[in-house]
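An overview of the molecular structure
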Amino acid sequence: MTTFPTIRQVVLDTTDARSLAEFYRALFGLEYRAGDEPPATGQPDPAGADWLVLRSPGGVPLAFQQVEHLPPSTWPDPAVPQQVHLDCTVPDREALDAQHERALALGAHLLRDRSDDPEEPLRVYADPSGHPFCLFVG
């Protein structure tokens, strides 16, 4: 019998782990791993200065690793490639438009709009740290 590795989580580097974790927590409705929750207002945030994990029932966790410097992707310009991006689906065009508004309100930046594509309506965004992610009907 062959044994295969299991993907434990997807890790995104960022210069602000707490802010990026909060972005994705709000965008996807995820929950912090026990001990990674934000501290009370005005309290130190040692976890947020290093490594945070968000969990989703039935999904792959997202982790955020604090780094000193991270050049944001310049996609579609190839100067700084995507390196990794998240593909996310919604059930229909109405949901795509609603999630578009949510993503922008949470701090995403629209990179490409193909929402009028009859074959595969989609939009590509950059998260607040510059990581590209796609929302498409599928």
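Above: the structure in question.
Here we summarise the structure given alongside this text. (Residues numbered from 1 in each chain as written. Predicted model: local features only at pLDDT ≥ 70, side-chain atom pairs only at ≥ 80, totals over all residues. Heavy atoms only, no water.)

According to the stated counting rule, one finds eight salt bridges in the structure shown. One salt bridge in this structure joins Glu22 and Arg25, with 2.9 Å as the shortest N-O distance. Separated by three residues within a single helix, Glu22 and Arg25 lie in helix H1 (residues 17–28), roughly one turn from each other. Across the pair Glu120 and Arg114 runs a salt bridge whose closest N-O atoms are separated by 3.8 Å. Under the relative-accessibility criterion, Arg114 is labelled partly exposed at 31%. Each of Arg93, Asp97, Asp113 and Arg123 takes part in a single network of salt bridges with overlapping partners. (Salt bridge = Lys/Arg side-chain N within 4 Å of Asp/Glu carboxyl O. Helix = DSSP H or I, 4+ residues; strand = E, 2+ residues; numbered from the N terminus. Buried < 20%, exposed > 50% of the residue type's maximum accessible area, 1.4 Å probe, protein only.)

Let us now look at the sheet that holds strand S8 (residues 132–137). Across the sheet, which stays open at both edges, the four strands sit in the order S5-S8-S7-S6 with mixed pairing between neighbours. One side of each edge strand has no neighbouring strand; the edge strands of this open sheet are strand S5 (86–90) and strand S6 (109–114). On average, each strand axis in the sheet is inclined to that of its neighbour by 20°, with strand direction left out of account. Direction of pairing for S6 relative to strand S7 (residues 122–126): antiparallel, over a ladder of five bridges. Across the sheet, Arg114 pairs through a bridge with Leu122, a residue of S7. Packed on one face of the sheet, helix H2 (residues 93–106) meets S5, S6, S7 and S8 and runs near 15° to S7. (Pairing = 2+ DSSP bridges. Axes fitted to C-alpha atoms, helices over the stretch in contact; angles between N-to-C directions. Contact = heavy atoms within 4.5 Å.)

Turn by turn, an α-helix covers 3.6 residues, leaving residues three or four places apart pointing in a common direction. Its 14 residues give H2 an end-to-end C-alpha distance of 20 Å, which sits within 8% of 20 Å, the value for a rise of 1.5 Å per residue. Listing the buried residues of H2 in full gives Ala95, Leu96, His100 and Ala103. On an axial view of H2, the arc spanned by its buried residues comes to 145°, and they lie on one face. Pointing more than 90 degrees away from the buried face of H2 are the exposed residues Glu94, Glu101 and Ala105. Looking at the packing, one finds that the buried side of H2 touches H1, S5, S6, S7 and S8. At the N-terminal end of H2, a side-chain oxygen is found 3.3 Å from the backbone nitrogen of Glu94, two or three residues along, and the residue is Asp92. In the stretch just after H2, Gly107 is the one whose phi turns positive, near 115°. (Expected span 1.5 Å × (residues − 1). Arc of directions from axis to C-beta. Polar contact = N/O pair within 3.5 Å; in protein donor to acceptor, adjacent residues only side chain to side chain.)

On to the environment of Val53. Mapping Val53 onto the fold places it in strand S3 (residues 51–55). According to the relative accessible area criterion, Val53 is buried, its value standing at 1%. Sequence separation between Val53 and Ala34 is 19 residues; the distance between their C-alpha atoms is 8.9 Å. Leaving out residues up to four positions away in the same chain, Val53 has contacts with Gln9, Glu31, Tyr32, Arg33, Asp36, Pro61, Leu62 and Ala63.

All right, on to the packing of aromatic side chains then. Scanning the entire structure with this criterion turns up six aromatic pairs. Ring centres of Phe23 and Tyr24 lie 4.9 Å apart, and the angle between their planes is 85°; this geometry places the pair in the edge-to-face category. Here Phe23 matches Tyr24 in class, with each residue buried. Both rings, one in Tyr125 and one in Phe133, keep their centres 5.3 Å apart while their planes meet at 20°; by these two values the pair is stacked. Residues Tyr125 and Phe133 agree in their burial class; the two are buried. Connected via pairs of aromatic rings, a cluster forms that spans Phe23, Tyr24, Phe28, Phe64, Tyr125 and Phe133. (Phe/Tyr/Trp six-rings, centres within 6.5 Å; stacked < 30°, edge-to-face > 60°.)

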